[in-house]
Amino acid sequence: MSKRNKGIIMIILSAFSFSFMFAFVRLAGDLPTMQKVFFRNFVALFFAAGVMIKNKVPFRCKNRKNSAVLFVRALAGSLGMIGNFYAIDVLVLSDASILNKMSPFFCVIFSYIFLKEKLKLFNILTIGGAFIGALFVIKPTFANAELFASIVGFLGGMGAGLAYTCVRYLGEHGEKGPMIVAYFSGFSCLITLPWLIFDYHHMQWWQLLCLIGAGFGAAGGQFAITAAYSNAPAKEISVFDYTQIIFTSALGLFLFGQIPDMWSIIGYGVIISMALVVFLRNNRKEPRVAEEAKAPNTSRQ
């Protein structure tokens, strides 16, 4: 099997795992968002720590200058997760999922702002198209009773986009993935711990199992997506991450009887179309660049 096909399989497996995380968070019932975030990250922390111990990865930055970026990654990722989990509890699962999937587009924006990566007209148009799709899902009218949760979910995607930008920077500057995941998981546990202590809601055994299941789903998704991008570049496989919308829609229908409205379905189509356009353009552009590099230089000396 080619590395590209392995990458596709792993990223679809990641989408499947994250979909079950969404479902388990919703199945846990009427528990505070902070309590759900704590248990989800507590399980993921054990997974990441185990990988670090196995691979002898130290729990520190290779370069002290990366510490500030690691902190921003953890803070932005934690706030993004809190927004995402709140949206999961209120919105249709597929709506919460697609708003979270705005993160790649925010990643492009933040990479332009902080990493000084070029932002071309094509990027601006696809990002604008994705935002229009998000508006179909959010439905920003006062008649929408779920408007606040939709905005929170949208901001959660923004936080995730900033977090992924930081991860990209850290990876390019020599920091190991398991250390980044462990730091993020531990940080999220710490900032949500006060709510767990002072506003703890008693859980039935099945609620605890659901939250442990959410942690397993999240850990599986994180490691699968890491394996996916280790086998193939993002521009070749990232569009397959949107299969999560299919999985969450199916789980939302069978577990909760949720059916997205027509406006949301249109929004899904617009956002996924923008991702598909980016995917196709990147894969057409690479062979052309490679051919130009191989062509003999016929210019005059």
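See the structure above.
Residues numbered from 1 in each chain as written. Predicted model: local features only at pLDDT ≥ 70, side-chain atom pairs only at ≥ 80, totals over all residues. Heavy atoms only, no water.

**Describing the overall build of the protein**
Check the secondary structure of the protein and you find 12 helices and zero strands. In terms of C-alpha radius of gyration, the protein reaches 20 Å, essentially the compact-globule figure of 19 Å for 301 residues. For the protein, the spread of C-alpha atoms along the three principal axes comes to 80 × 50 × 40 Å. Every one of the 301 residues in the protein was classed for burial, and the buried ones make up 46%. Of the roughly 15900 Å² of accessible surface on the protein, 69% is carried by carbon and sulfur atoms. Once the 27 positive and 14 negative side-chain charges of the protein are each reduced to a mean point, those two points are 11 Å apart. (Helix = DSSP H or I, 4+ residues; strand = E, 2+ residues; numbered from the N terminus. Rg over C-alpha atoms; globule rule 2.2 N^0.38 Å. Buried < 20%, exposed > 50% of the residue type's maximum accessible area, 1.4 Å probe, protein only. Areas by Shrake-Rupley, 256 points an atom, 1.4 Å probe, with all protein chains shown as cover. Lys, Arg positive; Asp, Glu negative; His and termini not counted. Charge placed at Lys NZ, Arg CZ, Asp CG, Glu CD.)

**Some details on the side chain of T248**
Mapped onto the elements, T248 comes out in helix 11 (residues 243-256). Look at T248 and you get buried, because its relative accessible area is 0%.

**Points about the packing of helix 5 (residues 103-114) against helix 7 (residues 147-172)**
In the contact formed by helix 5 and helix 7, the axes pass within 7 Å of each other and the chain directions differ by 55°. Considering their axes alone, helix 5 and helix 7 lie oblique with respect to each other. In the crossing of helix 5 with helix 7, the sense of the turn from one axis to the other is right-handed. Contact residues: helix 5 offers S103, F106, C107, F110, S111 and F114, while helix 7 offers F154, G157, M158, A160, G161, L162, Y164, T165 and R168. (Axes fitted to C-alpha atoms, helices over the stretch in contact; angles between N-to-C directions. Parallel < 35°, antiparallel > 145°, perpendicular 65-115°, else oblique. Left-handed = near helix turned anticlockwise from the far one by under 90°. Contact = heavy atoms within 4.5 Å.)

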